[in-house]
Protein chains: 2
Amino acid sequence: MLCQAVPCSADGQQAVPCHAKWCCAIPSDAMPCQAVLCCAKQCCAAHSGTVPWQALPNLSTSPTGGKRDTDLILPINSSLSVTLHQDQLRTTTTAAACHDFTEDRLWLNGEEVDAAQPRLQACLREVRRLARKRRGDDAAAPLSLSYKVHVASENNFPTAAGLASSAAGYACLVSALARLYGVEGELSEVARRGSGSACRSMLGGFVQWHRGERPDGRDSVAQQLAPETHWPELSILVLVVSGEKKAVGSTAGMQTSVDTSPLLKYRAEVVVPERMTRMARCIRDRDFEAFGQLTMQDSNQFHATCLDTFPPIFYLNDISQRIIALVHRFNAHHGRTKVAYTFDAGPNAVVFMLEDTVDEFVEVVRRSFPPDSNGDQFLRGRPVGTAVLPEELVSAVVVDPVPGAIRYVLHTKPGPGPQLLDDPSQHLLGPDGLPCRSA
Amino acid sequence: MLCQAVPCSADGQQAVPCHAKWCCAIPSDAMPCQAVLCCAKQCCAAHSGTVPWQALPNLSTSPTGGKRDTDLILPINSSLSVTLHQDQLRTTTTAAACHDFTEDRLWLNGEEVDAAQPRLQACLREVRRLARKRRGDDAAAPLSLSYKVHVASENNFPTAAGLASSAAGYACLVSALARLYGVEGELSEVARRGSGSACRSMLGGFVQWHRGERPDGRDSVAQQLAPETHWPELSILVLVVSGEKKAVGSTAGMQTSVDTSPLLKYRAEVVVPERMTRMARCIRDRDFEAFGQLTMQDSNQFHATCLDTFPPIFYLNDISQRIIALVHRFNAHHGRTKVAYTFDAGPNAVVFMLEDTVDEFVEVVRRSFPPDSNGDQFLRGRPVGTAVLPEELVSAVVVDPVPGAIRYVLHTKPGPGPQLLDDPSQHLLGPDGLPCRSA
């Protein structure tokens, strides 16, 4: 982003935020960005931003593959992901620092949670370290690094249900903190310290998270393989089957996997490197059939290693299994891979397809999982057209419908990285540094 | 078995079976055996027997591990199993041959099915080949090998729901055919031609199925590691969660695995050989904790390779997953492995434990899955005592009960191999060679 901050003056004693215009080089379909920023000395400073959710087309790592170092959050294998568009799925975060704050505080979806948690503190420490390095001995820096921070964050999506909420959350947090302290440049390494896969959410489009070789993790960073504009026909449906929290947090789960699953080790060392190369080629060539097959195979293999963990971890439930079977019947009927599922650490499906398949597949989903009561809210996100299904498609693909099993379907597409918010009404902290609205 | 047949005379033209006494060396807890056998020339002959079901404590192979040769049914890895006692779980089969029969016919659970299926015919061919070899040029042999056969078979348990029904079925079929044609000796290789794992059901107690090295499969046979009397405290509960047919037949499923799962290959070549050695030692030493852990890990890994298959195969459903979680909570509460699950190609659980744990665990199961309407039929098989659960056990282990999710619990233990039936009323074919009662 090409951003210029226009610092404002403020009363040094009062935590009164003031507005600063930002200008950004952003894709035309992203919202223009502005931020509330007050950077006078001894004053509070606030920043708001949205950060995209991510979908993992394959080769998931952390949280979806285990870590070789849990402190630095280094993955045991590299991974690829697609960043989802924040028009549909997003985290919004506002961060503020002020000499009046007596402690670090954190609100998630309107509820205050423990801000002393090590990962949040690790991110704070890293951002401050970068700020210190940047400032050098400039004692006149606008914001003291010793101030406590307040952070409020909200998701417009179920938290902790296998849709990478912590990845989006930490990516957004790090973006907000970095702007708060005037830090620029490569931040994926910092985001990784919060939640491994957050480093991938720091970039838009198609992103690779390099495993890296260095023990200090400096080379375990994210890199954009292709921007979100690279493959405009690629469409994504998120099938939300459950908003329940998953039984095992993905970090705890994956650490057990590294320790107990012989198959995970083999996967990381032998299977993934070869698949990474193939997947990058599929994306480069926009080869949907190969992309889809590999995406499904790798999602399945990830969940296989979860099951090989002891005690085993189950992220897929009966409805996930039905979605998988439905996708295979749909592809079998068409004689080729037209849709492809992937599941992260939860039961919700992310389904890829080309634009010309969306209407038909959505209708197949609607017939297979007839909406219960929320018929008008069943489809969310980007518009979906109507489709009349041929009778032979219905009889081959729609078997044994389960009403109400899918709560809603969200239509989205690949999107850009973190964005600044231009609408002050969306900021989550008020002039007093406290949440100004509940989730 | 040490059996002596006393041939009887019969009208050569009429298919009238007559009785022959058999004497067998069998464990005291097995039923005494007798068989209906008519072996006069040109007459029909019938044989009835029961064959035990098997539980796979680990290292499942075929159908649970893929085959290296689908025609000969050679497994890609060796395996161990525990044969379950036929007092509780059994297949009963009657076979007859007669010059009046115009075609091979087969009835399964009272319904006629296609007798031309290749596996049935392979077993028939093999048994006849052995009979021919044994008879040499004895043209006076009592039963022509060119007669067509009638076979009726019944299970007292859900078919095709991952409880090795085809293993028990083919083991029983081969036992019956062998006695029909007077073939003795090692028959596990013949049973393997029907259903790979049937070779294990030809023996009682703890059985190893050797992978074998020969391309012709002659060394891929079953061997008894220890008789069923070796570990008298070992108890087994079968938790029947669904009688539905599984979505993918295990043979079809496993062949896909061999072709598409990189993890299955690694498992077969690297993981299983080491685990086989350890498991045999656990059984030898009657080390329940080590036996239980390895059993669970290997069950999970088998299902992991099913998931790594493309398209993936799911045998475990939500209730299976709940049983797994329950077992781990139970063990965690006790601070050691007191119960251990294993799942074959279906959602039903086989749970191992020592005798002194049965009452308590059954009560935990009853509290976790309260019986719907069949309260009085919820517990089947061997008797189970009552148990009063400590409050702290209930609160730690019984969470979120699901009424009616388990249809019934069958209490059994390791048992002997195939047995001959002494009760003529249990024979499934009448004097006319047709089923004399429906399933």
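Structure shown above.
Residues numbered from 1 in each chain as written. Chains lettered and ligands numbered in written order. Predicted model: local features only at pLDDT ≥ 70, side-chain atom pairs only at ≥ 80, totals over all residues. Heavy atoms only, no water.

K.L.:
Got a sec to walk through the interface of chain A and chain B? Specific residues and values, please.
P.N.:
Contacts between the two partners involve 27 residues from chain A and, on the opposite side, 27 residues from chain B. Where chain A packs against chain B, one counts zero salt bridges. At the surface where chain A touches chain B, the tally comes to five residue pairs in polar contact (both at pLDDT 80 or more). Elements supplying a minimum of two residues to the side of chain A that touches chain B: helix H6 (262–285), helix H7 (288–308) and helix H8 (318–334) of chain A. Broken down by element, the residue count for the side of chain A that touches chain B peaks at ten residues, all from H7 of chain A. (Contact = heavy atoms within 4.5 Å. Salt bridge = Lys/Arg side-chain N within 4 Å of Asp/Glu carboxyl O. Polar contact = N/O pair within 3.5 Å; in protein donor to acceptor, adjacent residues only side chain to side chain. Helix = DSSP H or I, 4+ residues; strand = E, 2+ residues; numbered from the N terminus.)

K.L.:
Give me the lowdown on unusual backbone geometry, citing residues and values where you can.
P.N.:
Look at the link from Phe 310 of chain A to Pro 311 of chain A: it is a cis peptide, with omega at -10 degrees. Along the chain, Pro 311 of chain A falls in the loop between H7 and H8. The residue Asn 109 of chain A is not glycine, and still its phi comes out positive at about 50 degrees. Relative to the elements of secondary structure, Asn 109 of chain A occurs in the loop between strand S9 (105–108) and strand S10 (111–113). Given the relative accessible area of 28%, Asn 109 of chain A is considered partly exposed. With phi around 50 degrees, Arg 286 of chain B is a residue other than glycine that occupies positive phi space. (Buried < 20%, exposed > 50% of the residue type's maximum accessible area, 1.4 Å probe, protein only.)

K.L.:
Talk me through H6 of chain A; I want residue IDs and the actual numbers.
P.N.:
All names here are of chain A. Taking 1.5 Å of rise per residue, 24 residues should cover 34 Å, and H6 covers 34 Å from first to last C-alpha, within 8% of that figure. Taken as a whole, H6 carries its principal kink of about 45 degrees at Val 271; the proline Pro 273 stands between one and four residues after it. If you check which residues of H6 are buried, you get Leu 263, Leu 264, Tyr 266, Arg 267, Ala 268, Val 271, Val 272, Arg 275, Met 276, Met 279, Cys 282 and Ile 283. Arg 286 lies just past H6 and shows a positive phi near 50 degrees. (Expected span 1.5 Å × (residues − 1). Bend = angle between axes of the 7 residues up to and from the residue.)

K.L.:
Break down the pairing of strand S11 (residues 148–155) of chain B for me, citing the residues and quoting the values.
P.N.:
Residue and element names in this part refer to chain B. Among the eight residues that make up S11, six are buried, leaving the element largely enclosed by the rest of the structure. Of the strand pairs in this sheet, strand S8 (residues 90–98) and S11 are connected by eight bridges, and their pairing is antiparallel. Across the sheet, Thr 92 pairs through a bridge with Glu 154, a residue of S11. Here four bridges tie strand S9 (residues 105–108) to S11, and the two strands are oriented parallel to one another. In the sheet register, Leu 106 faces S11, and the bridge partner there is Val 151. (Pairing = 2+ DSSP bridges.)

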